[in-house]
Amino acid sequence: MEKFEGLDFYDIESLLTEEEIMIRDMVRDYVDEEVIPHIEKACEDGVFLDKWRQDLGEMGVLGAPLKGYGCPGLSYVAYGLICQELERGDSGLRSFASVQGSLAMYPIWDFGSEEQKNHYLPKMASGEWVGCFGLTEPDYGSNPGGMVTKAEDMGDHYLLNGAKMWITNGTIADVAVVWAKLDGVIKGFIVEKGDEGFTAPEMKGKHSLKASVTSELVFQDCKIPKDRILPGVKGLRGPFSCLNNARYGISWGALGAAMACFHSAKTYTLSRIQFDHPIASYQLIQNKLAWMLREITKGQLLAYHLGKKKDDGTWFNEQISLAKMNNVDIALEIARMSRDMHGANGVLDEYPVMRHMANLESVKTYEGTHDIHNLILGRYITGIQAFTREA
Amino acid sequence: MTNIVVLVKQVPDTNAKIVFNGESVDLSAVKMVTSPYDEFAIETALQHKESSGGTVTALTVGGSGADKILKDAKAMGVDNIVRVWGDGFETLDSNSFQSVLSGVLSELGADVVYCGKSSADLGSGSTGPGVAEKLGWASVSNIVSASFGDGLTVTAPADGGNAVVNVSLPAIISCDKGDLKPRKPNVRGIMMAKKAQVDVREASAPASTVTLVSQTPPPAKPAGKTYEGGQSAAEVAKLLRDEANVL
């Protein structure tokens, strides 16, 4: 397949800084050279290559928008472009970076003590330590406030009991940021690999995000030193602020997957001959390609403008919900459409489309399901919450 | 402290589709990149510095659009970036171009200069040996590896094998691909590149002694032949052997 040269119908590149373009191109080249040639095997084996962890750390893209403590302090637009290019390779790679940066490093950076920041963040930015984020539980997904994992103050330590599920990076993590109720109030705790009473078995059998580690986190009388509580936040604001950053990255990442599917569909349909002509010369195919281009372009403008608002600090939560929901939705539809346009070849690992399609089913579900984001917007529009039956 | 200079050139992306506008190539809409062999030269220069100390300066001849490849070199790890430009430089021939480089390399006080074995656009391969000739320096072309332990030793293809050459400085070395993998920039390098100032110098050049009359695209490839089914195997094998000469 011909080299991916970007998809920029509305010349968004002219809005980017020189630094943002260089960072995008760095990650783009990396994905072309070190991810795409190996991704199908990694999916087949069900592994996230440790080399990718090292490389992302060496490139300096982990915790990209955070400042200080070994983090680069890039713009949110640059962070978005990183996510876009990583997910053009595979959603699993972007998920690794999202969880490391937005879900594990960010809460330590924003809510941690100075000692915690100095201790954890430099090694997480370099990729030496992997982080994960424990919020979702087997019985509490869209309703995280109902969590049953609890922490007890035992005087000289906390005792953690409960279980988390669907935790990206869990089994390979050195550091877990875990949300649990302490006297009924949600607080963040830093759990380290090897802590007594802590295990992180990997979940198997996924048909999606196969090149990403997904785990349970199990706490059975897990002893946590007192200095591992995040002092700067309580309640759902803590995990939700992390999720906002991750959802923002997803809004760009999904576009990367969509671009990969568009690129494959365009290349394939131009070369596939049926009835003596390339199928790209037929109107039904052109209609699909035009729809893909239209939706990706709209999604790019949405993501870019949201990125500028993140950089300006003028964003609000519902804007992120709309961007995440929309861009994942169109990416998934583009992946399905692209799979269809590849005919039977679309199910083969010779083409990236079915892998992206399967991945995006997860991306649509995690970090707030599509429906939950609709409810967030519904509440914004009407002022009436519709998450629960209670008024 | 070794003063290492690497020559870099901005060329059209090797994946770009080249458009002809009348009798010349239209580069207005083409993405410009560092000539690929120059990336091996940058890598060799950086390895030289890491082994023996010194500084690495990336030098290019070009207009302000060429700042991008200097920033890319900075992001890879060079210390200084220098761009040279002057009146009439749009049409420099190889001889004039080498005169400009010779003058600037003398100004910079270079001890050793690395460059790509040829550029991806014109591909004449004359810059390294041409500049060495003007400066009276040693020159080795098309090297595939270099070591810096006890003086500069390079390996270059020769007569179907390889020649290992100890090089006295000052010298100009042109680099082939070899086993090198040019390092990739990282975010730290890119942030340093953003802040870096390009040292822009003016120069003059002797008048060109040749004039480019016109450029033409390569002839279009003939249409391919299609064979289907097992019954064609013998004929395909015959053509591969007799026409394509690949069997």
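Residues numbered from 1 in each chain as written. Chains lettered and ligands numbered in written order. Predicted model: local features only at pLDDT ≥ 70, side-chain atom pairs only at ≥ 80, totals over all residues. Heavy atoms only, no water.

A. Representation of the nonpolar core in the model. All names here are of chain A. One finds W52, I108, L160, W179, V191 and L217 to be the most contacted residues of the largest nonpolar core, which totals 125 residues. Considering each element in turn, this core owes the most residues, 15 residues, to helix α6 (residues 237-271). Ignoring any residue separated from it by four or fewer positions in sequence, one finds V191 in contact with L160, D174, V175, A176, V178, F198, F219, C222, I224 and R228. (Core = buried A, V, L, I, M, F, W, Y, C linked by side-chain atoms within 4.5 Å. Buried < 20%, exposed > 50% of the residue type's maximum accessible area, 1.4 Å probe, protein only. Helix = DSSP H or I, 4+ residues; strand = E, 2+ residues; numbered from the N terminus. Contact = heavy atoms within 4.5 Å.)

B. Layout of the sheet that holds strand β1 (residues 3-7) of chain B. Residues and elements named next belong to chain B. On the basis of which strands lie adjacent, the open sheet formed by 7 strands has the order β9-β13-β8-β1-β6-β7-β14 and parallel pairing. Looking at strand neighbours, the two that pair on one side only are β9 (138-143) and β14 (199-202), the edges of this open sheet. Between one strand and the next, the sheet's axes are offset by a mean angle of 20°, whatever the strand orientation. Looking at chain direction, strand β7 (residues 80-85) and β14 are connected through 4 bridges and run parallel. Counterpart to V84 in the pairing with β14 is R201. Seen against the sheet, helix α1 (residues 36-52) touches β1, β6 (55-61), β8 (112-116) and β13 (171-175) and runs at an angle of roughly 150° to β8. The sheet contacts of helix α3 (residues 94-108) involve β1, β6, β7, β8, β13 and β14, and relative to β6 the element is tilted by about 150°. (Pairing = 2+ DSSP bridges. Axes fitted to C-alpha atoms, helices over the stretch in contact; angles between N-to-C directions.)

C. Broad picture of a nonpolar patch on the surface. Together, F9, Y10 and L301 of chain A line one region of the surface with nonpolar side chains, adding up to about 340 Å² of accessible area. Along the chain, L301 of chain A falls in helix α7 (residues 283-312). (Patch = residues over 30% accessible without salt bridge, like charges linked within 9 Å, V, L, I, M, F, W, Y side chains within 5 Å. Areas by Shrake-Rupley, 256 points an atom, 1.4 Å probe, with all protein chains shown as cover. Salt bridge = Lys/Arg side-chain N within 4 Å of Asp/Glu carboxyl O.)

D. Quick look at the packing of aromatic side chains. Residues and elements named next belong to chain A. For the structure on display, the rule yields 16 aromatic pairs over all chains. Judged by centre distance (6.2 Å) and plane angle (35°), the rings of Y79 and Y248 are tilted. In this pair, Y79 sits in helix α3 (residues 76-89) while Y248 sits in helix α6, placing the two residues 169 residues apart along the sequence. The exposure class assigned to Y79 is buried, which follows from its relative accessible area of 3%. (Phe/Tyr/Trp six-rings, centres within 6.5 Å; stacked < 30°, edge-to-face > 60°.)

E. Fine view of the side chain of K164 of chain A. All names here are of chain A. Examined against the element boundaries, K164 turns out to sit in strand β5 (residues 157-168). In terms of polar contacts, K164 uses its side chain to reach the backbone carbonyl oxygen of L135, at 3.1 Å. Within polar-contact distance, the side chain of K164 engages the backbone oxygen of W179 at 2.8 Å. Residues contacting K164, with those up to four places away along its chain left out, are G134, L135, T136, E137, M147, T149, V178, W179, S215, E216, L217 and F219. (Polar contact = N/O pair within 3.5 Å; in protein donor to acceptor, adjacent residues only side chain to side chain.)

F. Main features of the pattern of salt bridges. Summed over the entire model, instances satisfying the criterion amount to 37 salt bridges over all chains. Of the charged contacts, one joins R83 of chain B and D67 of chain B as a salt bridge, the two residues approaching to 2.6 Å between their closest N and O atoms. Within this pair, whereas R83 of chain B is found in strand β7, its partner D67 of chain B is found in helix α2 (residues 67-76), the two being separated by 16 residues in sequence. By relative accessible area, R83 of chain B is classed as buried at 7%. One continuous salt-bridge network, built from bridges that share partners, spans R28, D32, E85 and R88 of chain A.

G. View of the interface of chain A and chain B. Contacts between the two partners involve 16 residues from chain A, matched on the other side by 15 residues from chain B. Buried area between chain A and chain B, both sides added, is near 1,300 Å², and the carbon and sulfur share of it is 56%. On the surface where chain A and chain B come into contact, there are 4 salt bridges. Across the pair K194 of chain B and E19 of chain A runs a salt bridge whose closest N-O atoms are separated by 3.3 Å. Scanning the region where chain A abuts chain B turns up 5 residue pairs in polar contact (both at pLDDT 80 or more). Those elements that place two or more of their residues in the side of chain A that touches chain B are α1 (18-45) and α2 (50-59) of chain A. With 8 residues, α1 of chain A is the single largest residue contributor to the side of chain A that touches chain B. A class-by-class count of the residues in the side of chain A that touches chain B yields 7 nonpolar, 1 polar and 8 charged. (Buried area = accessible area lost by both parts, 1.4 Å probe. Nonpolar A, V, L, I, M, F, W, Y, C, P; charged D, E, K, R; others polar.)

H. Seen up close, unusual backbone geometry. For the bond from L169 of chain B to P170 of chain B, the omega torsion is 5°, close enough to zero to count as cis. Along the chain, P170 of chain B turns up in the loop between β12 (161-167) and β13. With a phi close to 65°, W166 of chain A is a non-glycine residue in the positive phi region. The topology assignment puts W166 of chain A in strand β5. With a relative accessible area of 54%, W166 of chain A lands in the exposed category. At L209 of chain A, a position not held by glycine, the phi torsion is positive, near 50°. In this fold, L209 of chain A is placed in the loop between β8 (198-199) and β9 (214-225).

I. Just the packing of α2 of chain B against helix α5 (residues 187-195) of chain B, in detail. Residue and element names in this part refer to chain B. One way to put it is that α2 packs onto α5 with a least axis distance of 7 Å and a crossing angle of 135°. As summarised for this structure, α2 and α5 are arranged oblique, according to the angle between their axes. Here the hand of the crossing between α2 and α5 comes out right-handed. Packed against α2, whose contacting residues are K71, K74 and A75, the element α5 presents G189, I190, M192, A193 and K194 at the interface. Here the residues of the contact of α2 with α5 are counted per class, giving 4 nonpolar, 1 polar and 3 charged. (Parallel < 35°, antiparallel > 145°, perpendicular 65-115°, else oblique. Left-handed = near helix turned anticlockwise from the far one by under 90°.)

J. Representation of the pairing of β7 of chain B in the model. Residues and elements named next belong to chain B. As judged from the 5 bridges shared by β6 and β7, these two strands associate in the parallel manner. Note on β7: the bridge partner recorded for L59 is V82. In terms of handedness, the path from β6 via α2 over to β7 forms a crossover that is right-handed. (Right-handed = clockwise from strand over helix to strand, strands pointing away.)

K. Region of the structure containing the sheet that holds strand β11 (residues 152-158) of chain B. Residue and element names in this part refer to chain B. Strand order across the open sheet formed by 3 strands is β10-β11-β12, with antiparallel pairing between neighbours. The open sheet has two edge strands, β10 (145-147) and β12, and neither has a second partner. Strand-to-strand twist in this sheet, taken as the mean axis angle between neighbours without regard to direction, amounts to 25°. Where β10 lies against β11, 3 bridges are found, and the strand directions are antiparallel. Bridged to S147 within β11 is T153.

L. Structural context of the side chain of Q300 of chain A. Mapped onto the secondary structure, Q300 of chain A falls in helix α7. In contact with Q300 of chain A, not counting residues within four places along its chain, are L7, D8, I12, L255 and M259 of chain A.

M. Spotlight on the pairing of strand β4 (residues 150-153) of chain A. Residues and elements named next belong to chain A. Strand direction decides the pairing type here: β4 and β5, joined by 4 bridges, are antiparallel. By the bridge assignment, K150 is partnered in β5 with N161. The antiparallel hairpin formed by β4 and β5 contains 3 residues in its connecting segment, where G155 sits at a positive phi of about 95°. In this sheet, strand β6 (residues 175-182) lies alongside β4 in parallel orientation, the contact comprising 2 bridges. In the sheet register, A151 faces β6, and the bridge partner there is L182.

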